[in-house]
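Letter by letter, the chains look like this.
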Amino acid sequence: MTRLVVLGGGAAGMSAASAARRVDPALEIVVLEATGFAAYGMCGLPYYLAGLIERPEELVSYPPEYFRDRRRLDLRLRAEAVELDADQRVVHYRHEGREQRIGFSALVVAAGGVPGFPPLHGLDGRPTFTIRAMEDAIALRALLDTGSVRDALVVGAGYIGLELAEALHGHGCRVTVAERLDRVLPNLDEPLAAIVEEHVRERAELRLGVDVSELLANRAPWPDVVVVCAGVRPASTIAAKAGARTGPGGALLVDDRMRTSLPGVWAAGDCVAPYHRVLGRPAFVPLGPAANKTGRVAGTVAAGGDAVFAGVVGTAVVKVFELEVARTGLTLAEARAAGMTATATDVVSRSRAKYYPGVEPLHVRLVHEAGGRLLGAQLVGREGAAKRVDVVAAALHGGLSVDDLAAFDLSYAPPYSPVYDPLTVAAQAAQRVVHEAAA
Ligand SMILES: Cc1cc2nc3c(=O)[nH]c(=O)nc-3n(C[C@H](O)[C@H](O)[C@H](O)COP(=O)(O)OP(=O)(O)OC[C@H]3O[C@@H](n4cnc5c(N)ncnc54)[C@H](O)[C@@H]3O)c2cc1C
């Protein structure tokens, strides 16, 4: 039997299945997807909730028929894998209420992530959502469209929580964001997170360092809806139970060809911990671009081709109301927690030439080693952060230093940047720190 089974029809799974088809036109490829949707832009769900995107179908890259007819992928929706027998090479799954089994010669596990849901008291039957599947968003949007939701509580002030706060605010709700920690965005260093916090406070009620259950008890019958955005953990249980080795956060450990420790089993996307080039070891960084790329590598190799995943550097960007918030590499806190002798250089530059209308401040933090090796960057501003972070991502990919970044030939025109780009300004400031320390 030559059959590839892909577990999960999200970004990683559908990339894997499509890549496998390109390698082997004759291979039987079966995709098991637990929900009723496959191959859609999960990252677009907040914008669908906000009403910027009218119909959920607009988020779907291709309909199921396209995959079945054009790519000859046997895509089975509402087919939930429940157990993997790695020795027998069999997946047990539930499809339309029936227990089924399917054998494979190669398996790609691409089950994504499971949303965190902390124990909460006082929900009292209120509509409560997590946003990790199209069905979740469709149900929440239907509720919002009834016009009955005035007060919304978002639990968690990570990037998805803040995106949801903006979406609900855009829908006309009074939004409260409640967070157990005493800060927003734990994946930014505090000075940068504080800028975001101030911005959010102007648009939503922010309750930091609170016990959400207490908040619910004290303010009953508020709110009309609760949206829990309390992080994500890798959906690695089925493969782990079958014996696959796990690493950071319980994510599956893979090599650079996305092979797990089980023969004939590959894995990709949010359920794996790929190699982190700055840390020099695997890390759990569940984000879209890596899910697509690791899926492609896993599918290519599982079908008999060859490909290698070069690793991540932890680049992420998020729109928080009017702010662009971007990070790559390691924050100062992350670098120090990893045992690195790291330091940070902060500058406040400008998004455009200072005389050009619409110029905005741009906060840049570079994180680097005492010797000058770049470790990371964070950028926050109303414009100019989102794509500029990618320059530093490229520098990190290449293992470059603040000297290299200062020397980059970056573009300039008054509407887009000052003549010294904010990254050049930050890199020059970091050079002074590095060279003074060396003197
Ligand atoms: C609201 C939101 C906004 C986001 N915004 C961004 C962003 O702006 N930028 C960014 O880089 N990343 C963003 N992400 C993260 C990004 O969406 C994920 O990294 C990406 O979707 C991961 O792809 P994946 O295929 O690994 O997992 P998923 O997309 O979760 O796909 C996994 C699939 O496997 C299925 N599945 C799970 N278990 C089983 C089973 N047992 N049997 C069968 N099928 C199963 C699931 O139903 C799911 O369809 C966002 C995530 C969310 C939730």
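S.K.: Explain the overall build of the protein residue by residue, including any values.
M.R.: Secondary structure assignment for the protein yields 13 helices and 24 strands. Relative to its length of 439 residues, the protein is compact, with a C-alpha radius of gyration of 23 Å against a globular reference of 22 Å. By principal-axis analysis of the C-alpha atoms, the protein measures approximately 65 × 55 × 40 Å. Looking at the protein as a whole, 51% of its 439 residues qualify as buried. The long-range fraction of contacts in the protein, counting pairs at least 24 apart against all pairs at least 6 apart in sequence, stands at 64%. A total accessible area of about 19,200 Å² is found for the protein, and carbon and sulfur atoms account for 51% of it. For the protein, the distance from the average position of its 46 positive side-chain charges to the average position of its 50 negative side-chain charges is 3 Å.

S.K.: Provide a residue-level description of helix α5 (residues 159–170), including the pertinent values.
M.R.: Given a rise of 1.5 Å per residue, 12 residues ought to cover 16 Å, and the 17 Å separating the end C-alpha atoms of α5 matches this to within 8%. Within α5 the residues assigned to the buried category are Gly161, Leu162, Glu163, Leu164, Ala165, Glu166, Ala167 and Leu168. Directly after α5, the chain includes Gly172, whose backbone phi takes a positive value near 90 degrees.

S.K.: Go over empty space enclosed by the protein, please, and point to the residues and values.
M.R.: Tallied over the full model, the rule gives 1 cavity of 30 Å³ or more. Approximately 60 Å³ is the volume found for the largest cavity. Forming the boundary of the largest cavity are Gly269, Asp270, Val272, Pro274, Phe284, Val285, Pro286, Leu287, Ala290, Ala291 and Thr294. The class makeup of the residues in the lining of the largest cavity is 8 nonpolar, 2 polar and 1 charged.

S.K.: A description of a nonpolar patch on the surface should follow, citing residues and the corresponding values.
M.R.: Taken together, Tyr355, Tyr356, Tyr412, Val419 and Tyr420 make up a surface patch of nonpolar side chains, about 570 Å² in accessible area. Along the polypeptide, Tyr420 turns up in the loop between α12 (402–407) and α13 (422–438).

S.K.: Go over the side chain of Thr345, please, and point to the residues and values.
M.R.: Along the chain, Thr345 turns up in strand β22 (residues 342–350). Judged by its relative accessible area of 6%, Thr345 is buried. In this structure the side chain of Thr345 is engaged in a polar contact, spanning 2.8 Å, whose partner is the side chain of His368. In contact with Thr345, other than residues within four places in its own chain, are Val364, Arg365, Leu366, His368, Ala426, Ala429, Ala430 and Val433.

S.K.: Can you explain the nonpolar core? Please cite residues and give values.
M.R.: Grouped together as the largest cluster of nonpolar side chains are 55 residues, with contacts concentrated most on Leu4, Val91 and Val108. Here this core takes 6 residues from helix α9 (residues 288–302), the largest share from any one element. Core analysis: the second largest hydrophobic core is formed by 44 residues, Tyr40, Leu162, Leu168 and Val325 among them.

S.K.: Hey, could you go over the sheet that holds strand β5 (residues 90–95) for me, with residue numbers and the actual values?
M.R.: Pairing is antiparallel across the open sheet formed by 3 strands, whose spatial order is β4-β5-β6. The open sheet has two edge strands, β4 (79–85) and β6 (98–103), and neither has a second partner. Averaged over all pairs of adjacent strands, the angle between strand axes in this sheet comes to 25 degrees, irrespective of strand direction. Sheet topology note: the β4/β5 ladder contains 6 bridges and is antiparallel. Bridge pairing in β5 places Ala79 opposite His95.

S.K.: I'd like to hear about the pairing of strand β20 (residues 316–320), residue by residue, with values.
M.R.: If a strand is regular, its side chains alternate between the two faces of the sheet. Residues Ala316, Val318 and Val320 point to one face of β20 and are all buried, whereas Val317 and Lys319, pointing to the other face, are not buried. Hairpin connection of β20 to strand β21 (residues 323–329): 2 residues between the antiparallel strands, including Phe321 at a positive phi of 50 degrees.

S.K.: How would you summarise the site of the ligand if you had to cite specific residues and measurements?
M.R.: Neighbouring residues of the ligand: 32 residues in total, closest Ala12, Glu33, Arg132, Asp270 and Gly288. At 2.7 Å from an oxygen atom of the ligand is found a side-chain nitrogen or oxygen belonging to Arg132. Burial of the ligand by the protein amounts to 88% of the accessible area it has alone, namely 990 Å². When contributions to the shell around the ligand are tallied by element, the ones reaching two or more residues are α1 (11–23), β4, α5 and α9. Tallied by class, the residues present in the shell around the ligand amount to 20 nonpolar, 7 polar and 5 charged. Formed jointly, the shell around the ligand draws a minimum of three residues from each of two domains, domain 1 (3–34 + 78–112 + 234–302) and domain 2 (117–228).

Conventions used here
- Residues numbered from 1 in each chain as written.
- Predicted model: local features only at pLDDT ≥ 70, side-chain atom pairs only at ≥ 80, totals over all residues.
- Heavy atoms only, no water.
- Helix = DSSP H or I, 4+ residues; strand = E, 2+ residues; numbered from the N terminus.
- Rg over C-alpha atoms; globule rule 2.2 N^0.38 Å.
- Buried < 20%, exposed > 50% of the residue type's maximum accessible area, 1.4 Å probe, protein only.
- Contact = heavy atoms within 4.5 Å.
- Areas by Shrake-Rupley, 256 points an atom, 1.4 Å probe, with all protein chains shown as cover.
- Lys, Arg positive; Asp, Glu negative; His and termini not counted.
- Charge placed at Lys NZ, Arg CZ, Asp CG, Glu CD.
- Expected span 1.5 Å × (residues − 1).
- 1 Å grid on protein atoms, 1.4 Å probe; cavity = no way out; pocket = protein on both sides within 12 Å on 5 of 7 lines; lining within 4 Å.
- Points joined across faces, edges and corners; volume = space filled by probe spheres on them.
- Nonpolar A, V, L, I, M, F, W, Y, C, P; charged D, E, K, R; others polar.
- Patch = residues over 30% accessible without salt bridge, like charges linked within 9 Å, V, L, I, M, F, W, Y side chains within 5 Å.
- Salt bridge = Lys/Arg side-chain N within 4 Å of Asp/Glu carboxyl O.
- Polar contact = N/O pair within 3.5 Å; in protein donor to acceptor, adjacent residues only side chain to side chain.
- Core = buried A, V, L, I, M, F, W, Y, C linked by side-chain atoms within 4.5 Å.
- Pairing = 2+ DSSP bridges.
- Axes fitted to C-alpha atoms, helices over the stretch in contact; angles between N-to-C directions.
- Near = heavy atom within 4 Å.
- Domains from an automatic or database assignment.

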